[in-house]
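The lines below spell out each chain.
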Amino acid sequence: MKRAVVMGGSYAGLFAARVLSDHAEDVVVVEPDAIGPDGLGRRTPQRHQLHALLSMGHAQLERWFPGVTDDLVKGGALLGEGEDVRFYLDGRLKAPVAGARMLGATRPFLENHLRRRVEGLANVRFVRARATGLVLRNGRVTGVTTAAPEGADGSGGGPGDAAGETIDADFAVDAMGRNSPLEDWLVRHGWDRAPVDGMRIDLGYATALFHRGDELGGTVVAHSSPGPASGYLPTVTEPGALTAVEGDRWSVVLAGYADHRPGPDPEEFLRRMRRCVEPLRTVADASTMIGGVRTYRFVESRRRTYSRLDRFPGGLVVVGDALASVNPVYGQGLTLSALAANALGAHLRSTPSPHLPARNYFRLVEAVVEGAWQLSTAADLAQPHVTGPYPRGHRARKWVADRLTEASVLDSAVNARYMGVVNMELPPKALTDVRFLARAARVLISG
Ligand SMILES: Cc1cc2nc3c(=O)[nH]c(=O)nc-3n(C[C@H](O)[C@H](O)[C@H](O)COP(=O)(O)OP(=O)(O)OC[C@H]3O[C@@H](n4cnc5c(N)ncnc54)[C@H](O)[C@@H]3O)c2cc1C
């Protein structure tokens, strides 16, 4: 194709641009936010929060940006393996998983590296503008309209910003995140909205940075969550996590639901860290907080299913949070963005007609989203304050999931498969294999 336009230049948009650079003569990324040296755009406040990358997300990162892990580590990121990566459930350290690796870096640091890589591609250019609509002709996308990005006060952007331009396109990607206006645009053109699934979870997040010395030895990640023994409530320990990140710092996050959402008060943050597992307690006592505490409220998980629409414009796809945005506690968002890029690559390699809707893409990507959705919503339904919707067979499934979770604390082999699913390397049905269930049962019987 001649030109593809990616609307949104954050994580999902960068992956989409990378894939499209193999298939289009010219790729234009339309992004209104100036990404400062701290990598923080105004429209993505979640970038301030701790971001962990699942193993599958890390593998995809290397697939599309080979050597990026080495670059990140050279710049100060950390790569944790074996005992450097510690997962706790109800305060108990889980059985180690051989070969597990996790990257410790802040989201802006990771994203800035990717942005520089994408900017370096010969046929990709960034336009600082806001996408304002699609040009549709004969049922397919032929262009994207843009306007100057508003300033912080809602006024027009500064000099040098692209304004009011229509960019011709054979293909357009919606990577505008959770609050994407795409659906409104489509309705204006006489198309239908995609069916939406939602689950209200009322999650609160709070992240703070700390100076990092050698208080935790080689620990790169420590993650603690409540499990079946505490009824998934923060009675034994507070849920939270830390990662060692670039600049000799710790990034520490605390999470809580409904009335237990963490607030912005640094003293309260420290008090709460002292009710967490040992690594977070140690950092609270031994390290100094840098700056303040940033909070974020996440009310609802949401996904759109475009494959269920009878009609959809040709030459248009949706990636990242615009497609599905799930409870961040399970760290699936960045990985879903990368897997959408894989689906896009597979779709484009099948040389689709731009006149037809990208049904093949939506089928592939929605299968991946389905796995993530099943996993995150099943875990969310264990929270007493979450009231559905419940899938058929929920009680029986929850009973089995609780037992598997217990067994994963005790046994490395059970935990390896369990974490394979959590890390999106295996589909949820991998947990229903009969031999695996038998092993988990033996582990629980022998205690
Ligand atoms: C509190 C919190 C913690 C999280 N932690 C994790 C984690 O640990 N691990 C993980 O994998 N995921 C995590 N996530 C999820 C992750 O942040 C998202 O999945 C990810 O940001 C999705 O990327 P995206 O590019 O789709 O959307 P976004 O990052 O939201 O970016 C959307 C982009 O679109 C641009 N845009 C908006 N409107 C327009 C327009 N009109 N025209 C052009 N561009 C536009 C914006 O400026 C922005 O750059 C977390 C999310 C939250 C809320």
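Residues numbered from 1 in each chain as written. Predicted model: local features only at pLDDT ≥ 70, side-chain atom pairs only at ≥ 80, totals over all residues. Heavy atoms only, no water.

Asker: Give a detailed account of the side chain of serine 21, specifying residues and quantitative values.
Answerer: Considering the arrangement of structural elements, one finds serine 21 in the loop between helix 1 (11–20) and strand 2 (26–30). On the accessibility criterion, serine 21 (13% relative accessible area) is buried. Residues within four places of serine 21 in sequence aside, it is in contact with Val27, Leu121, Asn123 and Val124. (Helix = DSSP H or I, 4+ residues; strand = E, 2+ residues; numbered from the N terminus. Buried < 20%, exposed > 50% of the residue type's maximum accessible area, 1.4 Å probe, protein only. Contact = heavy atoms within 4.5 Å.)

Asker: Talk me through the domain arrangement of the protein; I want residue IDs and the actual numbers.
Answerer: Per the domain assignment, the segments making up the protein are domain 1 (3–45 + 112–197 + 303–377), domain 2 (47–55 + 66–106 + 198–300) and domain 3 (392–446). Between domain 1 and domain 2, the buried area comes to about 2000 Å², and carbon and sulfur atoms account for 58% of it. Taken as a group, Pro45, His113 and Arg117 account for 26% of the area that domain 1 buries against domain 2, more than any other trio of residues on that side. Between aspartate 71 and arginine 117 there is a salt bridge; the shortest N-O distance is 3.0 Å. The interface formed by domain 1 and domain 2 includes nine residue pairs in polar contact (both at pLDDT 80 or more). Breaking the side of domain 1 that touches domain 2 down by element, the ones donating at least two residues are helix 4 (107–119), strand 12 (196–211), helix 8 (333–349) and helix 9 (359–380). Element by element, the count of residues in the side of domain 1 that touches domain 2 is highest for helix 4, at three residues. Grouping the amino acids of the side of domain 1 that touches domain 2 by side-chain chemistry returns 12 nonpolar, 11 polar and three charged. (Domains from an automatic or database assignment. Buried area = accessible area lost by both parts, 1.4 Å probe. Salt bridge = Lys/Arg side-chain N within 4 Å of Asp/Glu carboxyl O. Polar contact = N/O pair within 3.5 Å; in protein donor to acceptor, adjacent residues only side chain to side chain. Nonpolar A, V, L, I, M, F, W, Y, C, P; charged D, E, K, R; others polar.)

Asker: Let's hear about the nonpolar core: which residues, and what values?
Answerer: One recurring pattern in soluble globular proteins is that nonpolar side chains are buried together. In this structure, Leu61, Leu134 and Tyr361 are the most contacted members of the largest nonpolar core, which totals 80 residues. The element best represented in this core is helix 8, accounting for nine residues. Domain assignment of the residues forming this core places at least three in each of domain 1 (3–45 + 112–197 + 303–377) and domain 2 (47–55 + 66–106 + 198–300). In terms of nonpolar packing, the next biggest core, distinct from the first, is built from 21 residues, Leu216, Val252, Leu254 and Met289 among them. (Core = buried A, V, L, I, M, F, W, Y, C linked by side-chain atoms within 4.5 Å.)

Asker: Pulling in residues and values, what's your account of the sheet that holds strand 9 (residues 140–147)?
Answerer: Read from one edge of the open sheet, three strands run 8-9-10, paired in antiparallel fashion. The open sheet has two edge strands with one neighbour each: strand 8 (130–137) and strand 10 (166–168). In this sheet, neighbouring strand axes are inclined to one another by 30 degrees on average, regardless of whether the strands run parallel or antiparallel. By the bridge criterion, seven bridges tie strand 8 to strand 9 in an arrangement that is antiparallel. Bridge pairing links leucine 136 to valine 141 in strand 9. (Pairing = 2+ DSSP bridges. Axes fitted to C-alpha atoms, helices over the stretch in contact; angles between N-to-C directions.)

Asker: Could you give me a rundown of the pattern of salt bridges, with the residues and numbers involved?
Answerer: A complete count under the given rule lists 25 salt bridges for this structure. Of the charged contacts, one joins glutamate 111 and arginine 107 as a salt bridge, the two residues approaching to 2.6 Å between their closest N and O atoms. Taken as a pair, glutamate 111 and arginine 107 lie in helix 4 at a separation of four residues, close to a single helical turn. Here glutamate 111 falls in the buried class, since its relative accessible area comes to 4%.

Asker: Give me the sheet that holds strand 1 (residues 3–7): which residues, what numbers.
Answerer: Spatially, 7-2-1-11-17 is the arrangement adopted by the five strands of the open sheet, whose pairing is parallel. At either end of the open sheet lies a strand with only one pairing partner, and these are strand 7 (124–127) and strand 17 (316–318). Each neighbouring strand pair of the sheet contributes to a mean axis angle of 20 degrees, computed without reference to strand direction. Seen against the sheet, helix 1 touches strand 1, strand 2, strand 7 and strand 11 (171–174) and runs at an angle of roughly 170 degrees to strand 1.

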